[in-house]
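These are the residues of each chain, in order.
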Amino acid sequence: SYWKKFIEIKTKHKQQQNDKFGNKEKKRKDFEHPAVEFKLDWKPGCVIELKGLDTKTCDRESIRAAAKLENNDSYADYSRGQSDGAIRFSEPSDEIKKLADKINAGEIKISNSAALTAHVLEGEKEQSYWKKFIEFKTKQKQHQFEERSRKKRRFHRK
């Protein structure tokens, strides 16, 4: 019928235009929402999980001060008011296990109080920790990208 032929021709024409000039709608969507992903090749044995931290006095700085190792950068994964946290190290080392044992024994205090438990993450717990960390960083990067895009659009509109 006439309409069937008409729709067929229009669809074919639109496809040719998209092939020739590119699909503008698709490009716009890709520009606004690219796949931002945080990638990390983590190393096993680099995370100490802390439980029983003082919720009133503990902070990232006090955790990092207690977790200093030579030639091994440390990062405190902690938010104020929480009783749990973690210490990440850049490289695996036997010193990490020794540090966890000292924190457990109360030899090393965090914010002038002893953590109830400290142990090096292994196996599924460690994989779960890194998976959550990577998901968090991916969301953070996506949010940063969206904020930059919004600012650029505002700037160009004026």
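Above this text sits the structure in question.
Nothing here was measured: the structure is a model prediction, and the numbers come from that model.

1. Notes on the pairing of strand 1 (residues 47–51)
With four of its five residues buried, strand 1 lies for the most part within the structure. Strand direction decides the pairing type here: strand 1 and strand 3 (residues 84–89), joined by five bridges, are antiparallel. Among the inter-strand pairings, K51 is bridged to a residue of strand 3, identified as D84. Here strand 1 pairs with strand 4 (residues 117–120) via four bridges, running antiparallel. Counted as the bridge partner of I48 is V120 from strand 4.

2. Digging into helix 4 (residues 94–105)
Along its twelve residues, helix 4 runs 17 Å from first to last C-alpha, staying within 8% of the 16 Å computed at 1.5 Å per residue. Taken together, the buried positions of helix 4 are occupied by I96, L99, A100 and I103. All buried residues of helix 4 lie within an arc of 100° about the axis, which places them on one face of the element. Exposed residues on helix 4 whose side chains face more than 90 degrees from its buried face are D94 and A105. Taken from the residues just after helix 4, G106 is the one with a positive phi, measuring 85°.

3. Describing the sheet that holds strand 1
Through backbone hydrogen bonds, the strands of a sheet pair up, either in parallel or in antiparallel fashion. With antiparallel pairing, four strands are arranged side by side in an open sheet as 2-3-1-4. The outermost strands of the open sheet, each flanked by one partner alone, are strand 2 (74–77) and strand 4. Mean inter-strand twist for the sheet, computed between neighbouring axes without regard to direction, equals 20°. Of the strands in this sheet, strand 1, strand 3 and strand 4 are in contact with helix 4, which crosses strand 4 at around 170°.

4. Examining the pairing of strand 2
Only one face of strand 2 is covered, namely the face carrying S74 and A76; the face carrying Y75 and D77 is uncovered. Where strand 2 meets strand 3, four bridges bridge the pair, whose relative direction is antiparallel. Residue pairing for strand 3: D77 is matched across the bridge by A86. In sequence, strand 2 turns back onto strand 3 through a hairpin of six residues, with G81 there showing a positive phi of about 90°.

5. Things to note about the packing of aromatic side chains
Taken as a whole and judged by the stated rule, the model has three aromatic pairs. Within the aromatic cluster, the residues linked to one another by ring pairs are Y129, W130 and F133.

Rules and cut-offs
- Residues numbered from 1 in each chain as written.
- Predicted model: local features only at pLDDT ≥ 70, side-chain atom pairs only at ≥ 80, totals over all residues.
- Heavy atoms only, no water.
- Buried < 20%, exposed > 50% of the residue type's maximum accessible area, 1.4 Å probe, protein only.
- Helix = DSSP H or I, 4+ residues; strand = E, 2+ residues; numbered from the N terminus.
- Pairing = 2+ DSSP bridges.
- Expected span 1.5 Å × (residues − 1).
- Arc of directions from axis to C-beta.
- Axes fitted to C-alpha atoms, helices over the stretch in contact; angles between N-to-C directions.
- Contact = heavy atoms within 4.5 Å.
- Phe/Tyr/Trp six-rings, centres within 6.5 Å; stacked < 30°, edge-to-face > 60°.

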